[in-house]
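# Reading the structure
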Amino acid sequence: SFILIVLPTALFPLVLNSFSRPPISIDWGPYAGAALLMLLTSALFCAVGILFSSLTRSQTASGLATFAACCIIFFAGHIERIGADMLLGGPALTLVPSHYALAFAGGLIDTRPMVACITGAVLALVVATHILQWSRFRSARLLPGMLLAVALMAVMVLMINHLGKRHYMLSDWTGTGRHTLASQ
């Protein structure tokens with residue numbers, strides 16, 4: 001359903017081009033980068049929403065908790081700039097700050113927020129699955145195994161994010177190579 005929402009926005013450059021004289025050439029790389037980051041961020045936010053929905057029966061409480069968590073995730077980069085690296089465990093937990101959004105919209109694709117969004121979404125879905133299993137069976141026998149599985153998954157996500165921060169790739173999706181260095 002997300003693709004059905006984003007797809008009509010692809011018509012905007014075409015309509016703009018049809019009314020401009022002379023017609024302009026459209027660079028689809030920045031548009032594709034912005035759409036990719038929007039897709040990944042939406043997947044993360046949906047997974048966080050599912051997690052909070054599994055924690056409570058109240059739709060209002062889960063909606064407010066999801067909104068608060070998504071705001072914290074989105075603005076974590078601003079907290080990092082203030083100097084709260086130690087509070088958040090360093091920049092490994094910075095998911096989608098605004099400078100990544102601007103870079104993606106400019107056609108510069110960075111793997112760091114992509115890894116963070118995907119692993120964050122997977123972690124939220126795994127935790128939600130274990131919460132729903134616990135609420136269904138309510139067996140004390142299953143609790144230690146579920147807690148161990150969630151803890152191991154959280155450690156794996158932190159390790160993958162740490163590796164993603166250290167070993168990242170940048171890709172220029174612009175048609176003009178705006179972010180590519182000239183060969184020597």
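This structure is a prediction, so every number in the text was calculated from the model and none was measured. (Residues numbered from 1 in each chain as written. Predicted model: local features only at pLDDT ≥ 70, side-chain atom pairs only at ≥ 80, totals over all residues. Heavy atoms only, no water.)

## Structural notes on a nonpolar patch on the surface
How we decide: Patch rule: a residue counts if its relative accessible area is over 30% and it has no salt bridge; like charges are joined within 9 Å, and nonpolar side chains (Val, Leu, Ile, Met, Phe, Trp, Tyr) within 5 Å. Here the open area of atoms and residues is found with the Shrake-Rupley method and a 1.4 Å probe, where only the protein chains shown may cover a residue. The salt bridge criterion pairs a side-chain nitrogen of Lys or Arg with a carboxyl oxygen of Asp or Glu, the two atoms within 4 Å. Per the convention used, a helix needs a DSSP run of H or I reaching at least four residues, while a strand needs a run of E reaching at least two, with both numbered from the N terminus. Accessibility here uses a 1.4 Å probe with only protein chains present; expressed as a share of the type maximum, an area under 20% marks a residue as buried, one over 50% as exposed, and anything in between as partly exposed.
A surface patch of nonpolar side chains, about 540 Å² in accessible area, is lined by Leu11, Leu14, Val15, Phe19 and Trp28. A total of 4 residues in the nonpolar patch trace back to one element, the largest contributor, which is helix 2 (residues 11-19). Tracing the backbone shows Leu14 in helix 2. By relative accessible area, Leu14 is classed as partly exposed at 43%.

## Considerations on the nonpolar core
Let me state the cut-off plainly: Buried Ala, Val, Leu, Ile, Met, Phe, Trp, Tyr and Cys residues that are joined via side-chain atoms within 4.5 Å together make up what is termed a nonpolar core. The contact criterion used throughout is that any non-hydrogen atoms of two residues lie within 4.5 Å.
In terms of nonpolar packing, the biggest core is built from 13 residues, with Leu44, Val48 and Leu51 touching the most fellow members. Here Val48 is in contact with Thr66, Ala69, Cys70, Ile73 and Ala124, once residues within four sequence places are set aside.

## Regarding the layout of surface pockets
For clarity, the cut-off: Think of a 1 Å grid over the protein atoms and nothing else: a 1.4 Å probe that fits but is trapped marks a cavity, an open set flanked by protein within 12 Å on at least five of seven lines marks a pocket, and residues with an atom within 4 Å of a point count as lining. Grid points are joined across faces, edges and corners, and a volume is the space filled by probe spheres set on the points.
Its boundaries defined by the atoms lining it, the second largest pocket holds a volume of some 160 Å³. For the second largest pocket, the full set of lining residues is Ser53, Ser54, Leu55, Thr56, Arg57, Ile131, Leu132, Ser135 and Arg138. Taken together, the elements giving at least two residues each to the lining of the second largest pocket come down to helix 3 (28-55) and helix 8 (111-137).

## Looking at helix 9 (residues 143-166)
What counts is decided by this rule: The span one expects for a helix is its residue count, reduced by one, times 1.5 Å.
Given a rise of 1.5 Å per residue, 24 residues ought to cover 34 Å, and the 35 Å separating the end C-alpha atoms of helix 9 matches this to within 8%. Those residues of helix 9 that fall on the buried side of the exposure criterion are Met146, Met153, Val157, Asn161, Gly164 and Lys165.

## Side note on the packing of aromatic side chains
Here is the rule: Stacked, tilted and edge-to-face are the three classes assigned to paired rings of Phe, Tyr and Trp, where Trp is represented by its six-membered ring and a pair needs centres within 6.5 Å; plane angles under 30 degrees give stacked, over 60 edge-to-face, the rest tilted. The rule is short: NZ of Lys or CZ of Arg within 6 Å of the ring centre and within 35 degrees of the ring normal puts a charge over the ring.
Per the counting criterion, the structure on display carries 1 aromatic pair. The side chain of Arg112 reaches across the aromatic face of Tyr168, ending 3.8 Å from its centre.

## Considerations on the environment of Thr41
Formally: Here a polar contact is taken to be a pair of N or O atoms separated by no more than 3.5 Å, where protein atoms must pair a possible hydrogen donor with a possible acceptor and residues adjacent in sequence count only if both atoms sit in side chains.
Assignment of secondary structure puts Thr41 in helix 3. By relative accessible area, which is 9% here, Thr41 ends up buried. There is a polar contact of 2.7 Å between the side chain of Thr41 and the backbone oxygen of Leu37.

## Digging into the pattern of salt bridges
Scanning the model with the defined rule gives 1 salt bridge in all. Measuring nitrogen to oxygen at the nearest pair gives 2.6 Å for the salt bridge that ties Asp110 to Arg112. Accessibility expressed as a relative area gives 4% for Asp110, which makes it buried.

## Some words on the state of the cysteines
The test is simple: In this description, a disulfide is simply a cysteine sulfur pair whose atoms lie within 2.5 Å.
If you walk through the whole model with that rule in mind, you get 0 disulfides. Summary of cysteine pairing: Cys70 is not part of a disulfide, and the nearest cysteine sulfur, belonging to Cys71, is at 7.3 Å.

## What to know about the confidence of the model for the protein chain
Selection criterion: Think of pLDDT as the predictor's per-residue confidence, scored from 0 to 100.
Confidence in the prediction for the protein chain averages 81 pLDDT; 85% of positions are at 70 or higher. By mean pLDDT, the top-scoring element of the protein chain is helix 4 (residues 59-74) (91), and the lowest-scoring one is helix 6 (residues 85-88) (47). Overall, residues 84-93 carries pLDDT values under 50, and its contacts beyond four positions in sequence, including any with other chains, amount to 13 contacts.

## Quick look at the environment of Leu14
Remark: the alpha-carbon pair of Leu14 and Ser25, spanning 11 residues in sequence, is separated by 9.9 Å. Beyond its immediate chain neighbours, meaning those up to four positions away, Leu14 contacts Ile26 and Trp28.

## Here's the deal with the packing of helix 3 against helix 8
Applied cut-off: Whenever a helix is involved, its axis is fitted only over the stretch in contact; in every case the axis is a line through C-alpha atoms, and angles between N-to-C directions fall within 0 to 180 degrees. The cut-offs work like this: below 35 degrees is roughly parallel, past 145 is roughly antiparallel, 65 to 115 is roughly perpendicular, and the gaps in between are oblique. Crossing handedness: left-handed means the near helix sits turned counterclockwise from the far one by under a right angle, and right-handed means the same turn made clockwise.
Helix 8 packs onto helix 3 with a crossing angle of 20 degrees between their chain directions and a minimal axis gap of 8 Å. As summarised for this structure, helix 3 and helix 8 are arranged roughly parallel, according to the angle between their axes. Crossing handedness for the pair helix 3 and helix 8: left-handed. Of helix 8, the residues touching helix 3 (which contributes Leu36, Leu37, Leu40, Thr41, Ala43, Leu44, Ala47, Val48, Ile50, Leu51, Ser54 and Leu55) are Pro113, Met114, Cys117, Ile118, Gly120, Ala121, Ala124, Leu125, Val127, Ala128, Ile131 and Leu132.

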